[in-house]
Amino acid sequence: MIRLSDRIKAAYYKVSRLIITMTVTGIRHCQLGKKVRVMTRVGIYNHQHYRGGCPGCSQTYVKGMIADGVKCQNRAIGIYGNDCEFINYNDLGDYPPENLDRPGFKRMMKDVEDHKLDAIFVLTLSKISNDIDLVLQTYKKCKENDVALMTALDGKKVMKVLD
């Protein structure tokens, strides 16, 4: 059995003639005689409020979500390089900021607990919640599962602030 650190980001592993791609979730796939690069799994979370707008105007909010997601992807590529696999988690609607019971957020946190992500990017921490205690709770759960929580605007600096 091969046991490696959960913090592996991008490297090649050669075992006899077998190249094994390792990630935090274990072996993704094996190929004989080929080098396979490790992909960093990056979750991008975006919560867009209607902010008093009409639900019929959601096209404007969706465009905002796409623009925010692109900013998060660009920051992730700047930190981890081009070998990123992006998984998007979105919540569109008027969810109260003190409640993290949102479908996209719950799915993302389940993936964190199942060790399916290496990092999470949000545009700002307010996309998670305006309540600092809920943001800290989210950060601690990510840290327990070796998942980096970063913002598109501040990158890794946000982890230093939350520690």
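Shown above is the structure to which this text applies.
Remember, it's a predicted structure, so these values are computed and weren't measured experimentally.

**Q** Can you walk me through the pairing of strand β6 (residues 119-122) in this structure?
**A** Walk down a regular strand and you will see the side chains alternate between the two sheet faces. Here β6 shows a buried face lined by Ala119 and Phe121 and a second buried face lined by Ile120 and Val122. Here strand β4 (residues 40-48) pairs with β6 via 3 bridges, running parallel. Paired with Ile44 across the two strands is Phe121, which belongs to β6. As judged from the 4 bridges shared by β6 and strand β7 (residues 148-151), these two strands associate in the parallel manner. Each bridged residue has a counterpart across the sheet, and for Val122 the counterpart in β7 is Thr151. Tracing the backbone out of β6, into helix α3 (residues 132-144) and back to the parallel element β7 gives a crossover that is right-handed.

**Q** Honestly, the nonpolar core in this entry has me stumped. Any pointers?
**A** A general tendency of soluble globular proteins is for nonpolar side chains to be buried together. Membership of the largest hydrophobic core comes to 33 residues, with the highest contact counts inside it found for Tyr80, Met108, Ile120, Phe121, Leu125 and Ile128. Elements that contribute at least two residues to this core include exactly β4, α1 (58-80), β5 (84-92), α2 (103-113), β6, α3, β7 and α4 (157-162).

**Q** Would you mind showing me how to read the pattern of salt bridges here?
**A** If the charged atoms of two oppositely charged side chains come close together, the side chains can form a pair. Summed over the entire model, instances satisfying the criterion amount to 5 salt bridges. As a salt-bridge pair, Asp101 and Lys106 come within 3.0 Å of each other at their nearest N and O atoms. A relative accessible area of 45% places Asp101 in the partly exposed class. Across the pair Asp114 and Lys110 runs a salt bridge whose closest N-O atoms are separated by 2.9 Å. Since its relative accessible area comes to 33%, Asp114 is described here as partly exposed. Lys110 sits in the partly exposed class, given a relative accessible area of 46%.

**Q** Whenever I open this one, unusual backbone geometry confuses me. Can you help?
**A** In the Ramachandran plot, His115 falls in the positive-phi region, its phi being about 60° despite a non-glycine side chain. Mapped onto the elements of the fold, His115 is located in the loop between α2 and β6. At Asp146, a residue that is not glycine, the phi angle is positive and equals roughly 55°. By the secondary structure assignment, Asp146 is in the loop between α3 and β7. Look at Asp146 and you get partly exposed, because its relative accessible area is 30%.

**Q** Can you help me understand a nonpolar patch on the surface in this one?
**A** On the surface, Val62, Ile66 and Val70 cluster together into a nonpolar patch covering about 240 Å² of accessible area. Counting through the fold element by element, Ile66 comes out in helix α1.

**Q** How do you make sense of the side chain of Ser129 when you look at a structure like this?
**A** With respect to the element layout, Ser129 can be found in the loop between β6 and α3. Residue Ser129 is classed as buried on the basis of its relative accessible area, which comes to 4%. At a separation of 3.0 Å, a polar atom in the side chain of Ser129 contacts the main-chain amide nitrogen of Asp131. Among residues more than four places away in sequence, those in contact with Ser129 are Pro97, Glu98, Leu100, Arg102, Leu134 and Val135.

**Q** It is not clear to me how the side chain of Lys127 should be interpreted in this structure. Could you clarify?
**A** The residue Lys127 is located in the loop between β6 and α3 in this model. Since its relative accessible area comes to 9%, Lys127 is described here as buried. Polar side-chain contacts of Lys127 include one of 3.5 Å to the side chain of Asp68.

Scoring rules and cut-offs
- Residues numbered from 1 in each chain as written.
- Predicted model: local features only at pLDDT ≥ 70, side-chain atom pairs only at ≥ 80, totals over all residues.
- Heavy atoms only, no water.
- Buried < 20%, exposed > 50% of the residue type's maximum accessible area, 1.4 Å probe, protein only.
- Helix = DSSP H or I, 4+ residues; strand = E, 2+ residues; numbered from the N terminus.
- Pairing = 2+ DSSP bridges.
- Right-handed = clockwise from strand over helix to strand, strands pointing away.
- Core = buried A, V, L, I, M, F, W, Y, C linked by side-chain atoms within 4.5 Å.
- Salt bridge = Lys/Arg side-chain N within 4 Å of Asp/Glu carboxyl O.
- Patch = residues over 30% accessible without salt bridge, like charges linked within 9 Å, V, L, I, M, F, W, Y side chains within 5 Å.
- Areas by Shrake-Rupley, 256 points an atom, 1.4 Å probe, with all protein chains shown as cover.
- Polar contact = N/O pair within 3.5 Å; in protein donor to acceptor, adjacent residues only side chain to side chain.
- Contact = heavy atoms within 4.5 Å.

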